[in-house]
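An overview of the molecular structure
Chain residues, written in single-letter form:
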Amino acid sequence: MPAEAMAVGVQASTWQEAIEAAGKGLVAGGITTSDYIDEMIQTVNTLGPYIVISPGFALAHSRPSPSVQTTGLSWVTLAEPVEFGSKRNDPVKVVVGLAALDHDAHIVAMSQLARLIADKSRFAQLSSLPSVEAVREAIESYERNAQ
């Protein structure tokens, strides 16, 4: 996850703006083209807020497409939580954008991310860190200790 794909304290008043912020991170990180942002929003419009996979956390993504340049992730911590329409897991504080070249890459990236956010106290810490550098440091520390 390149630093260019990460943002902290992002202002968003709707779930669409939250996904757009995650999508802009994917574009800035060289992971997708801007068309992928619309694809992620359309996925939620079509399938509903299933991307809100745990309390406070959304995994914005769409199918592999020509808009995806490489498999990768973006990270957005919102300044204020946003409602996505998930009765069980709203409101969302962290939106991770996921783009994958193929289904297998999707599964690997999702499993790594799931392990990272599975611990509620770790997720609470990650969602409240004040800077991209602090988030990157916390993720890298987790990865070193998980090996």
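Residues numbered from 1 in each chain as written. Predicted model: local features only at pLDDT ≥ 70, side-chain atom pairs only at ≥ 80, totals over all residues. Heavy atoms only, no water.

Turning to the environment of Ala12, a few remarks are in order. With respect to the secondary-structure elements, Ala12 resides in the loop between strand S1 (6-10) and helix H1 (15-28). Aside from chain neighbours lying at most four places away, what touches Ala12 is Glu17, Ala18, Leu78, Glu80 and Val82. (Helix = DSSP H or I, 4+ residues; strand = E, 2+ residues; numbered from the N terminus. Contact = heavy atoms within 4.5 Å.)

In this section: the packing of aromatic side chains. As enumerated under the stated definition, the model contains two aromatic pairs in all. Look at Trp15 and Phe84: their rings are 6.3 Å apart centre to centre, the planes differ by 40 degrees, and that puts the pair in the tilted class. Here Trp15, found in helix H1, pairs with Phe84, found in the loop between strand S4 (72-82) and strand S5 (92-99); they are 69 residues apart in sequence, far enough to count as distant. Just as Trp15 is buried, Phe84 falls in that class too. (Phe/Tyr/Trp six-rings, centres within 6.5 Å; stacked < 30°, edge-to-face > 60°. Buried < 20%, exposed > 50% of the residue type's maximum accessible area, 1.4 Å probe, protein only.)

For S5, a buried count of seven out of eight residues is recorded, marking the element as mostly surrounded by other parts of the structure. For strand S3 (residues 57-61) and S5, the ladder comprises five bridges, and the chain directions are parallel. Each residue of the ladder has a partner; that of Phe57, found in S5, is Val94. (Pairing = 2+ DSSP bridges.)

Further remarks concern H1. The end-to-end C-alpha separation of H1 is 20 Å, in line with the 20 Å expected for 14 residues at 1.5 Å each. Residues Trp15, Ala18, Ile19, Ala21, Ala22, Gly23, Gly25 and Leu26 constitute the buried set of H1. For H1, the elements touching its buried residues are S1, helix H2 (35-47), S3, S4 and S5. One or two positions beyond H1, positive phi appears at Gly30, with a value near 75 degrees. (Expected span 1.5 Å × (residues − 1).)

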